[in-house]
Amino acid sequence: MSVELLANRINALEESATLGMTKRARELSAQGHKVISLSVGEPDFKTPKHICDAAKDAIDAGFHGYSPVAGYPDLRKAIADKLRRDNNLEWNPENIVVSTGAKHSLANVLQVLVNPGDEVIIFSPYWVSYSEMVKLAEGKTVICEGAFDNNFKVTPEQFEAAITPKTKVVMYASPNNPTGSVYTEDELRAIAEIVKKHPNIFILADEIYEYINFTEGGHFSIGSIPEIKDRVITVNGVAKGHAMTGWRIGFTASAKWIAEGVEKLQGQVTSGTNSIAQKAATVAFNGPLDEAYKMKDAYNRRRGLVVGLLREIPGFKVNMPDGAFYAFPDISDYFGKSDGKTIIKDSDDFCMWLLAEALVATVAGSGFGAPNCMRISTAASDEQLVEACERIKTAVAKLQ
Ligand code: PMP
Ligand code: GLU
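Since the structure is predicted, the reported quantities are computational estimates derived from the model, not experimental observations.

### Points about the overall build of the protein chain
Reasoning step 1: Within the protein chain, the regular secondary structure consists of 13 helices and 12 strands.
Reasoning step 2: Its C-alpha atoms give the protein chain a radius of gyration of 21 Å, within 12% of the compact-globule value 21 Å for 400 residues.
Reasoning step 3: Based on the C-alpha atoms only, the size of the protein chain along its principal axes is roughly 60 × 55 × 55 Å.
Reasoning step 4: Residues counted as buried form 55% of the 400 residues belonging to the protein chain.
Reasoning step 5: Taking the intrachain contacts of the protein chain between residues at least 6 apart in sequence as the baseline, contacts between residues at least 24 apart amount to 74%.
Reasoning step 6: Placing the 43 positive and 50 negative side-chain charges of the protein chain at their respective mean positions leaves the two points 2 Å apart.

### Notes on the site of ligand 1
Reasoning step 1: Around ligand 1, the surrounding shell consists of Gly101, Ala102, Lys103, Leu106, Trp127, Asn177, Asp206, Ile208, Tyr209, Ala239, Lys240 and Arg248.
Reasoning step 2: Within the side chain of Asn177, a nitrogen or oxygen atom sits 2.7 Å from an oxygen atom of ligand 1.
Reasoning step 3: When the free accessible area of ligand 1 is taken as 390 Å², the share hidden by the protein chains comes to 93%.

### A word on the pairing of strand S5 (residues 167-173)
Reasoning step 1: Burial within S5 is extensive, with seven of its seven residues counted as buried.
Reasoning step 2: Pairing between strand S3 (residues 119-124) and S5: four bridges, direction parallel. Residue pairing across strands places Val120 opposite Val169, the latter belonging to S5.
Reasoning step 3: As paired strands, S5 and strand S6 (residues 202-206) are joined by five bridges and run parallel to one another. Bridge pairing in S6 places Val169 opposite Phe202.

### Quick notes on the packing of helix H4 (residues 73-87) against helix H10 (residues 275-286)
Reasoning step 1: For the pair H4 and H10, the least separation of the axes is 9 Å and the interaxial angle reads 25°. Comparing the axis directions of H4 and H10 gives the class roughly parallel. Our pair here, H4 against H10, has a crossing hand that is left-handed. Where H4 approaches H10, its residues Asp74, Leu75, Ala78, Ile79, Lys82 and Arg85 are matched on the opposing element by Gln278, Lys279, Ala281, Thr282, Phe285 and Asn286.

### What about the pairing of strand S12 (residues 374-377)?
Reasoning step 1: With burial as the criterion, each face of S12 is covered, one bearing Met374 and Ile376 and the other bearing Arg375 and Ser377.
Reasoning step 2: In terms of strand pairing, strand S9 (residues 326-327) meets S12 through two bridges, oriented antiparallel. Counterpart to Tyr326 in the pairing with S12 is Ser377.
Reasoning step 3: Relative to S12, strand S11 (residues 363-364) runs antiparallel, the two being bridged by two bridges. Across the sheet, residue Val363 finds its bridge partner in S12, namely Arg375.

### As for the packing of aromatic side chains
Reasoning step 1: For the structure on display, the rule yields 21 aromatic pairs.
Reasoning step 2: Connected via pairs of aromatic rings, a cluster forms that spans Phe45, Tyr209, Tyr299, Phe325 and Tyr326.
Reasoning step 3: Just above the ring of Phe148 sits the side chain of Lys317; from NZ or CZ to the centre is 4.5 Å.
Reasoning step 4: Over the face of the ring belonging to Tyr334 we find Lys337, whose NZ or CZ atom lies 5.2 Å from the ring centre.

About the criteria used
- Residues numbered from 1 in each chain as written.
- Chains lettered and ligands numbered in written order.
- Predicted model: local features only at pLDDT ≥ 70, side-chain atom pairs only at ≥ 80, totals over all residues.
- Heavy atoms only, no water.
- Helix = DSSP H or I, 4+ residues; strand = E, 2+ residues; numbered from the N terminus.
- Rg over C-alpha atoms; globule rule 2.2 N^0.38 Å.
- Buried < 20%, exposed > 50% of the residue type's maximum accessible area, 1.4 Å probe, protein only.
- Contact = heavy atoms within 4.5 Å.
- Lys, Arg positive; Asp, Glu negative; His and termini not counted.
- Charge placed at Lys NZ, Arg CZ, Asp CG, Glu CD.
- Near = heavy atom within 4 Å.
- Polar contact = N/O pair within 3.5 Å; in protein donor to acceptor, adjacent residues only side chain to side chain.
- Areas by Shrake-Rupley, 256 points an atom, 1.4 Å probe, with all protein chains shown as cover.
- Pairing = 2+ DSSP bridges.
- Axes fitted to C-alpha atoms, helices over the stretch in contact; angles between N-to-C directions.
- Parallel < 35°, antiparallel > 145°, perpendicular 65-115°, else oblique.
- Left-handed = near helix turned anticlockwise from the far one by under 90°.
- Phe/Tyr/Trp six-rings, centres within 6.5 Å; stacked < 30°, edge-to-face > 60°.
- Lys NZ or Arg CZ within 6 Å of the ring centre and 35° of its normal.

Below is the structure:
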């Protein structure tokens, strides 16, 4: 008996490239190797103290039982207030559903909206789990690829050309994982103009990196455009901006009938998410945001450091990310080269070779729909980042 007995939907699923590489790096570390892990996209900061204190208070106050499936009322209100304060989005608590991380929220929405064969347009490069979530919902992925020279962003013309009568959802993240690109207000308004012409298309806007945005124009929520508001599902959470990855809190903000669909699904599959984390997240959403901005400043500084160092490596082509905490160099210059033992065919080979040769864990671009690139998380100390870039530079010098 073996894997072929697993359901087809699981055998058809790819392993998460981000989590897979992180697992490999942990295994090497456990064997005593000095691995620098820049694979997982996770803040290296601790959750701010006032948020942790709220969790301790929640335990003492006895929030030990099942919570309402869509989240505690005070949390849903805090999220509605946050959306009004930061995003110019007017939703009531009944439009909000809290889930076990933004990942869960995204998967829920696709399960709730997508019928078998429906097309989901994904702006590429995209976060690894998008395509697999669409697959699980039995949808058909339509990739719309942003060019390196347009900072990896999809143009309105490209988007319009990808639409067919079967298009049900378009999904993107801004700021983006893995490229760090930020769609400007003008760019998103142009996308919205196209969506206005197609009344059956929904927008799934992943705003999880909202607070890690280095642009002057700042963050823009496409859901704030009144004519399409009812067809935008905004997803966000606490993982990145508040350094709360392990707390597992995300949410959707959407039209009520979609929120009810998500709640129904959740009621059968997971129930309300962790009660203590919900109480901590309520404090996070209510603010203050000083700690979040301090972390953003640190990511901004490291972005300059890492991009500068990577640009010194021969053959690396490096864009300047406008947000999030990743660098995404094009490393395809090394494809076909060898250190005498291993031939590097593609980004997967390159990243596996780098892990073995330089003990630096990164993630291949292939999982993000960008097979010429690799992703490096900049959420690490300056010392680690400098050392990692030096190790990479020394290693690639061996490739001929
Ligand atoms: N969207 C993107 C683009 C991400 O990078 C992540 C990171 N895990 C998520 C969603 C999921 O966030 P969470 O940890 O809240 O599930
Ligand atoms: N979003 C992070 C990443 O891209 C977390 C890992 C994951 O959930 O995939 O690395």
